[in-house]
Each structure stands twice: as structure tokens, then as C-alpha cells.
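Below are the chains, spelled out letter by letter.
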Amino acid sequence: MSDQSEYIEQIKPFEDKNDSNNDRTVIHGIAASPGLAFGKVFVFEPKTIEISQRIVEPEESEKEIEQVKQSLQRSEKELNKILSFTEQKIGNAKARIFEAQILILHDPDLLDQIFHRIRSERKNAESAVYGELTKIQESMLNANDPYLRERADDIGDVKHRIIRNIQQERLFSRFKGTAIVVAKNLSPADTMLLSRNDVLGYATDMGGITSHTALLSRSLKIPAVVGLSRVSRVATTGDEMILDGYSGTVVLRPNKGDIDRYTEKRRRYALFEEKLVVLRDLPAETTDGRRITLSANADLEEELDFVGFQGAEGIGLFRSESLLIGRDTFPNEDEQYDAYWLAAEKVYPHNVIIRVFDIGGDKVYPLMIEENNPFLGWRGIRILLDRPELFKTQLRALFRASTKKNVKILLPMISGVSEIAAAMIHIRDVKTELREKNIPFDGNMQVGAMIEIPSAAIMAREIARLVDFLSIGTNDLIQYLLAVDRGNPTITKLFQEFHPAVLRMIQHTLDGGHKRNIHVGMCGEMAGDPIATILLVGMGIDSLSVVPSVLPEVKKIIRSINYKEAAKISRRAMTLGTPEEVFDYLKRTLKTKLPDVPIG
Ligand code: PEP
Ligand code: MG
């Protein structure tokens, strides 16, 4: 297989291959949590609930209500157990998912409606719960708002839990020995409860990179592939499976060739990882002395320690909107201050770049509005400029957390100079206010702009006059430049970071920033792709902020290359006409120069 066809195969989202001889099946999904797993399948099929419907006589209604109340108590007890288990295992931030579910159990309007259905509509307990929660769940699912759709899953989980407890059914989440768990979908609670077994990996039909299964399995350090569309229908408990959480592939009932290939891949990864440990305290510097600031993208409390362990020079992207996960309201100034201060303290003496709320688009946001096209709608800086009280509260918290002089702010979704100018007025006002109140802060705190909208990339030179640094967000830049929805699995293959137009946008941004002598970094996913490292260094990037798990690999590449040679390679890559040619060329170059870096 040529390198290019391998590339195409890797990025095809849902294509299956069937080898009729041994029933071997390869399914491509979405790589959700890195790692390789090899073992027997356990198909997790939670019992489908069946609702019995009956007309309740008036004298029975209080008994039915009592059943609901008892079930709510049992459900709360179960959720509290899962909550504390999650807190112990992966920290407070992730446990908030279950706090949100407990809150649903206490919603007075919801309970009133359920009791009303029993008393006035004469429904029995389980059908009243089912009817009321399904109504809410469906209205959320129909909303054109990803935050609400996520909340709909929480409602669905809670609904099943309450009904299961009314029916006094037990939940089985234990199995013997080790296994790769295969399921149609996994709720956050299933993911956590199953992890008490010896789970080698998770493979699910549904889910995306930001689904709960994906987020939790990354924290649990269990390899996972999601969005496999039909794995739960073709796998049977006891089947052998190889799960590749790096490339997002599973091989069901593998043949000898697969087993040999994956054993070799695992061996290479293990060897490589051992070598990476020694790099931890060394700088990301090319062999001819060009220094790159190599930092990590991290925002959850439990990720902050891992960042230092991986040898990052601080945090290059702290997505402050992560503070909103599992909440219906914005955190107040003090709550925000605590989170920013913690991050600044943990990475000191390195820097933390905190991006102000990038809400809207596909992200969480407690301001509920319906938009036909949220990615092109009210998002990021647009919301903050329209809601100055929200913006200024965040700015006050950020400035107050800056006294160690290691905090920088980053403005998301900038499309041109006017938004920067408007944001700067608020920044100036907040500084004046803090000075008047004698509250200490870093008067020289740097402010940067995200370059993630093509118009901003084109205007990079003008924008660079107003800010202290630029940070290229390739996730959105590619989406908006190539008109490819970043979250749509059907068109994953069109989301091409090596598209020549993307390379030219990046080069233009770098040139614009450098003309004004400011630092230009990158914090989108492309920054952490080892195949892109030589290209980006050669183009002149000053810093890369990457997901912590790939950081040592990127550092190893930077430390093995010569800047002048990388510049030559980049110039050559920029002459190529298609994404496949660029990818192919870079992959070949990396393989030749650094044969021990495992790719893909
Ligand atoms: C980006 O767009 O590349 C980026 C880093 O921001 P986010 O993924 O949070 O939109
Ligand atoms: Mg972005």
C-alpha cells in the first residue's frame, strides 16, 4: 500500500472492509483516546426498559408518587457514589457531569409535572416519569444547539435511572477478566462504572471527539475509538479485537497479519515512549539552535499536573469555556479567579495563555439562542463585545490572577482589527478600575489574537499592530477556509490541514506577525501532528501548543532537525499542488530523517 492510499484509508470515516475468509472486519471511526488495545470483546448491552402503562385509581395515586420519591432517593444515592468515584479517579472537573444529573432529580418544576401526570392524568409512576422526561429530552434534541443536545443525553440517562429504580431492576456493569468494551453508546455513568473492571479499551457506534465517552476515557487513560457506526452489531462477546486509539480503527476477528502488525506497532510505541522520558527537561530546540516554545493545551484541573510531567513550557491554550461544562450559569468573578490563579500557580515560572470565553458555535454556552448556522453566528468575541458585563467580569478575574506576571490573554474568533480595538477599550477600563481600587495586577499583561478566521489571517499584519502575539487556530481556520464543518464525520476526509491554501494562510499569518516583530504561535490540532512539525518549524513558527500526550514526540522531532533544512523542506512543500502530495512528501521526509518516530 502506498503512503498516499494509507492516508486516504486513515481519514475515511465509516468505511468497512470485510474479509470473508475469516470474518475479519475493519471499521474506521474517530480516534477518541490514544493507545493500542488487544483482547476479547465484551458487548455491553444495558437492558432496554419497557414501560408498563396503566390507569391509576385516585386512591392509588399517592402510592405511585411515593414510588417515584423512593426511586429518586435511590437514584441520587447511585449518582453520588459514581460522583465520588469519579472525583477520586479523575478529579472534580469531570465529576460535574454527575452533579448536573443530580440537580435534575431536584428540579421542582419537573417533579410537579410528574406528580401532576399521576394525580390528574391518572398515569402510573413509570409512565409519568417516562412521559415527562421524554418530552423535555425531545425538545432539547430538536434544538439547534449542541449544548442543549448534550443536556438531552443527561436527561435520557436520568430518565433510565429513575425508571430502572421504580422497576427495582439492578444494573450489571461487571465482567470477568480483561476486555475491550463494545457498545452502541456509553453514558458517562456507564463509562465510569465499567472502568472498575479491567477495561482494555472502549469502542462505540456513536459519539464524537468531544463526547462524554471520549473525554472520560482520555482522563481514565483508556484507549477509545468512537463513531464506529455499527461495531456493536457486528461484534459478539468473546470475539478478538484490535483497537487502535491513535488512528481510530478497530479490527474485529483479526488475522495473523493484523496481529503481527499491531504487535510491532505496540512495541515501537513502547520503545519510543521510553526514549521520550529523557527529553522531559530539555528545551524544544533545533540542532542549529532555533528555540520553539513548546507548550500544552490544557484546561481541566487534573490535566495541569500532566502538562509539567510531559515537559511542556507552560500552557499555550487554556480554553476558559471549559469552566462552563455541566453548568447553566457563568461562574462569578471569584470562581473564575480561583481557576485562573490555580493554572498560573501550577505552571509558574512558565506562562499560561488563557483564552477568554469562546462560547457559541458547537461549544457550551449558557446563553440560549437559536441559530440556523451557529458556526457562522454569535460566537466568541462577538458575544463578549455584545455582553460587556460578562467580558469585564472575566477580565477582572484574569487581571487579578496575573500578579505572578505569567498570565496572557487570548481573544477568540477575531475577524479583523475593529474587534481588537473594541476589546482593548474594555481591557483598558478594567485596568483603570483595578488601579482605582488598589487591586494588584500585571500592568504589562500581554494580549494576543486568535487567527482562526480567514479574514483575520489576511489582515494579520494590521492585527499584529494592536496585539502582543498571534495564535493560529487551525481547527477553525481550516473549517472556515475550506468550508468544511469540523464536527461532521461524513466529510472528515475534506478537513485537510495540508491543503495548499491552508499552508499559504499560515505562511501569510507568520509573515504578517513577523513584519511587526511579534511572536506567532499555533494552538490548533495541527500543531500536535508530528507530520506537520518539520513544515511548521521551517515556516518560522515561534511556538506550538499541543495536546499533552503528543508533546514529547513533537519535541523529539524539533530536537532532531536542522532549522535551515526544515526551511528548505517547507519551501518545497509549499510548491506542491494537492493536500495528498504535501502529506505524502512530509511523511516520506519524516520517515527518512527520523525512522524511529512511529507515525499514525
Ligand atoms: C482552533 O480553532 O484551532 C482552536 C484552537 O480553538 P478551538 O478548537 O477551541 O475552537
Ligand atoms: Mg477555534
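Just so it is clear, the structure is predicted and the values come from calculations on it, not from any experiment.

### Considering the overall build of the protein chain
Item 1. A count of helical and extended segments in the protein chain gives 23 helices and 17 strands.
Item 2. Computed over C-alpha atoms, the radius of gyration of the protein chain comes to 25 Å, within 12% of the 25 Å expected from 2.2 N^0.38 for 600 residues, which places it in the range of a compact globule.
Item 3. Its C-alpha atoms put the protein chain at 85 × 75 × 40 Å along the principal axes.
Item 4. For the protein chain, the proportion of its 600 residues judged to be buried stands at 56%.
Item 5. A separation of at least 24 residues holds for 68% of the contacts in the protein chain among residues at least 6 apart in sequence.
Item 6. With an accessible surface of roughly 26,100 Å², the protein chain has 50% of that area assigned to carbon and sulfur atoms.

### With respect to the coordination of the magnesium ion (ligand 2)
Item 1. The coordination sphere of the magnesium ion (ligand 2) contains the protein donors Glu-452 (OE) and Asp-476 (OD), at a distance range of 2.0 to 2.1 Å. Of this pair, Glu-452 sits in the loop between β14 (447-451) and α16 (454-458) while Asp-476 sits in helix α18 (residues 474-482), and the two are 24 residues apart along the sequence. A single burial state applies to Glu-452 and to Asp-476, both of which are buried.

### Thoughts on the environment of Leu-216
Item 1. In this structure, Leu-216 sits in helix α8 (residues 212-220).
Item 2. The class for Leu-216 is buried, based on a relative accessible area of 0%.
Item 3. Separated by 24 residues in sequence, Leu-216 and Met-192 place their C-alpha atoms 7.7 Å apart.
Item 4. In this view, Leu-216 contacts Ile-90, Lys-94, Ile-97, Pro-188, Thr-191 and Met-192; residues no more than four positions away in its chain are not counted.

### Side note on the packing of α18 against helix α19 (residues 500-515)
Item 1. At a closest axis distance of 10 Å, the pairing of α18 and α19 adopts a crossing angle of 125°. In terms of orientation, α18 and α19 fall into the oblique class. Here α18 and α19 pass one another in a crossing that is right-handed. Of the residues in α19, those in contact with Thr-474, Leu-477, Ile-478, Leu-481 and Leu-482 of α18 are Ala-501, Val-502, Met-505 and Ile-506.
Item 2. Residue composition of the contact of α18 with α19, by class: eight nonpolar, one polar and no charged.

### Brief notes about the domain arrangement of the protein chain
Item 1. With domains assigned, the protein chain is organised as domain 1 (4-45 + 173-263), domain 2 (60-166), domain 3 (274-287 + 449-600) and domain 4 (293-445).
Item 2. Computed from C-alpha coordinates alone, the two centres of domain 2 and domain 3 are separated by 45 Å.

### Considerations on the packing of aromatic side chains
The description of an aromatic ring pair rests on the distance of the ring centres and on the angle between the ring planes.
Item 1. Considering all chains together, one arrives at seven aromatic pairs under this definition.
Item 2. With a centroid separation of 5.6 Å and 50° between ring planes, the pair formed by Phe-330 and Phe-357 is classed as tilted. Remark: Phe-357 occurs in the loop between β12 (352-355) and α13 (381-386) and Phe-330 occurs in the loop between β11 (315-319) and α12 (333-347); sequence separation between them is 27 residues. Both residues of the pair, Phe-330 and Phe-357, belong to the buried class.
Item 3. Looking at Lys-408, its charged tip hangs above the ring of Phe-469, at a distance of 5.5 Å from the centre.
Item 4. The side chain of Arg-572 reaches across the aromatic face of Tyr-585, ending 5.3 Å from its centre.

### Some thoughts on the side chain of Glu-126
Item 1. On the secondary structure map, Glu-126 appears in helix α5 (residues 125-142).
Item 2. Of the side chains with opposite charge, Arg-54 comes closest to the buried, unpaired Glu-126, at an N-O distance of 7.3 Å.
Item 3. There is a polar contact of 2.9 Å between the side chain of Glu-126 and the backbone nitrogen of Ser-52.
Item 4. Those residues within four positions of Glu-126 in sequence are excluded, and the remaining contacts are Glu-50, Ile-51, Ser-52, Ile-163, Ile-166 and Gln-167.

Conventions we followed
Residues numbered from 1 in each chain as written. Chains lettered and ligands numbered in written order. Predicted model: local features only at pLDDT ≥ 70, side-chain atom pairs only at ≥ 80, totals over all residues. Heavy atoms only, no water. Helix = DSSP H or I, 4+ residues; strand = E, 2+ residues; numbered from the N terminus. Rg over C-alpha atoms; globule rule 2.2 N^0.38 Å. Buried < 20%, exposed > 50% of the residue type's maximum accessible area, 1.4 Å probe, protein only. Contact = heavy atoms within 4.5 Å. Areas by Shrake-Rupley, 256 points an atom, 1.4 Å probe, with all protein chains shown as cover. Donors = N, O, S within 2.8 Å, 3.2 Å for Na, K, Ca; no water. Axes fitted to C-alpha atoms, helices over the stretch in contact; angles between N-to-C directions. Parallel < 35°, antiparallel > 145°, perpendicular 65-115°, else oblique. Left-handed = near helix turned anticlockwise from the far one by under 90°. Nonpolar A, V, L, I, M, F, W, Y, C, P; charged D, E, K, R; others polar. Domains from an automatic or database assignment. Phe/Tyr/Trp six-rings, centres within 6.5 Å; stacked < 30°, edge-to-face > 60°. Lys NZ or Arg CZ within 6 Å of the ring centre and 35° of its normal. Lys, Arg positive; Asp, Glu negative; His and termini not counted. Salt bridge = Lys/Arg side-chain N within 4 Å of Asp/Glu carboxyl O. Polar contact = N/O pair within 3.5 Å; in protein donor to acceptor, adjacent residues only side chain to side chain.

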